[in-house]
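Commentary on secondary and tertiary structure
Chain residues, written in single-letter form:
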Amino acid sequence: MVLACSVPAARLAFASWQTFAGATPPPLGANPVETLEHETGLWALRFLVLTLAVTPLRRLGWVGLAPYRRTLGLAAFSYAALHFGVFVGLDLGFDFAAIAEDLRERPYIGVGFAAFGILLALALTSTRSAMKRLGRNWTRLHRGVYVAALLALVHFAWLVKADYAEPIFYGSCIGILLAIRVGHWTRTRLAARPQAGDS
């Protein structure tokens, strides 16, 4: 699974090497930094959706997927980190004044930063020792993946200028998965309530 998750990154790395080596036509197009930003961000969102899909699929009987949830979550974080690194390093050259200006003038960047911050917290607490240390709070914290996914979706949709087909598709996926989660939580709470007439 780790190898499969690494394939998009390997392809982007190879395309970057070809582009900056002067390949014609450049595999990353006329604006390679923008292409890298878009592709790494899109893969982060894709892996987030896959992460959210594991639990509903497991409840449908695909129990073998359970061990991969953490791997997919860490893959989502890794691509988000690449996305963040390309933006801060390659696009803005670690110019913190420019970063602050972008945060003021383009609010969707702040939304993206918030999503990345949540994913960072989840990645840092993804170990078994963190699970033991945090106890029940670990589950509460890791429900933040839904917040991160929604923020990432808003970030993506906000920067799209024309074709909204992709944001709508990923938004539909996240909406369905969130609805399944809420439905399961509601049924669990109702089943836990004492029935009328129970002593």
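Note: the structure precedes this text.
Note that the coordinates shown come from a computational prediction; the quantities given were computed from them, not determined experimentally.

Glancing now at the packing of helix α2 (residues 32–59) against helix α8 (residues 144–159). It is the contact of α2 with α8, at a shortest axis distance of 10 Å, that shows an interaxial angle of 145°. Once α2 is placed against α8, the crossing between them reads as left-handed. Touching H38, L42, L45, L48 and L52 of α2 are V145, Y146, A148, A149, A152, L153 and F156, all from α8.

With that out of the way, let us pick up the side chain of E37. One can find E37 in helix α2. Buried E37, no salt bridge; nearest opposite-charge side chain is R106, N-O distance 7.0 Å. In this structure, E37 is in contact with H83, V86, F87 and D91, ignoring residues within four places of it in sequence.

A complete count under the given rule lists 9 aromatic pairs for this structure. Look at F47 and Y79: their rings are 5.4 Å apart centre to centre, the planes differ by 15°, and that puts the pair in the stacked class. Residue F47 is located in helix α2, and its partner Y79 is located in helix α3 (residues 68–91); the two are separated by 32 residues in the primary sequence. Ring centres of F84 and F116 lie 4.7 Å apart, and the angle between their planes is 10°; on these two criteria the pair is classed as stacked. Taken together, the residues F84 in helix α3 and F116 in helix α5 (residues 107–124) connect sequence positions 32 residues apart. A relative accessible area of 28% means that F84 is categorised as partly exposed. One Lys or Arg, R46, reaches over the ring of W43 and ends 4.5 Å from the middle of that ring.

When the terminal C-alpha atoms of helix α1 (residues 2–20) are compared, their 27 Å separation across 19 residues agrees well with the 27 Å that a helix rising 1.5 Å per residue should span. The sharpest bend along α1 reaches about 30° and sits at P8. Within α1 the residues assigned to the buried category are C5, P8, L12, A15, S16 and T19. Here the buried face of α1 lies against α2 and α3. G22 lies just past α1 and shows a positive phi near 95°.

Cut-off values and rules
Residues numbered from 1 in each chain as written. Predicted model: local features only at pLDDT ≥ 70, side-chain atom pairs only at ≥ 80, totals over all residues. Heavy atoms only, no water. Axes fitted to C-alpha atoms, helices over the stretch in contact; angles between N-to-C directions. Helix = DSSP H or I, 4+ residues; strand = E, 2+ residues; numbered from the N terminus. Left-handed = near helix turned anticlockwise from the far one by under 90°. Contact = heavy atoms within 4.5 Å. Buried < 20%, exposed > 50% of the residue type's maximum accessible area, 1.4 Å probe, protein only. Lys, Arg positive; Asp, Glu negative; His and termini not counted. Salt bridge = Lys/Arg side-chain N within 4 Å of Asp/Glu carboxyl O. Phe/Tyr/Trp six-rings, centres within 6.5 Å; stacked < 30°, edge-to-face > 60°. Lys NZ or Arg CZ within 6 Å of the ring centre and 35° of its normal. Expected span 1.5 Å × (residues − 1). Bend = angle between axes of the 7 residues up to and from the residue.

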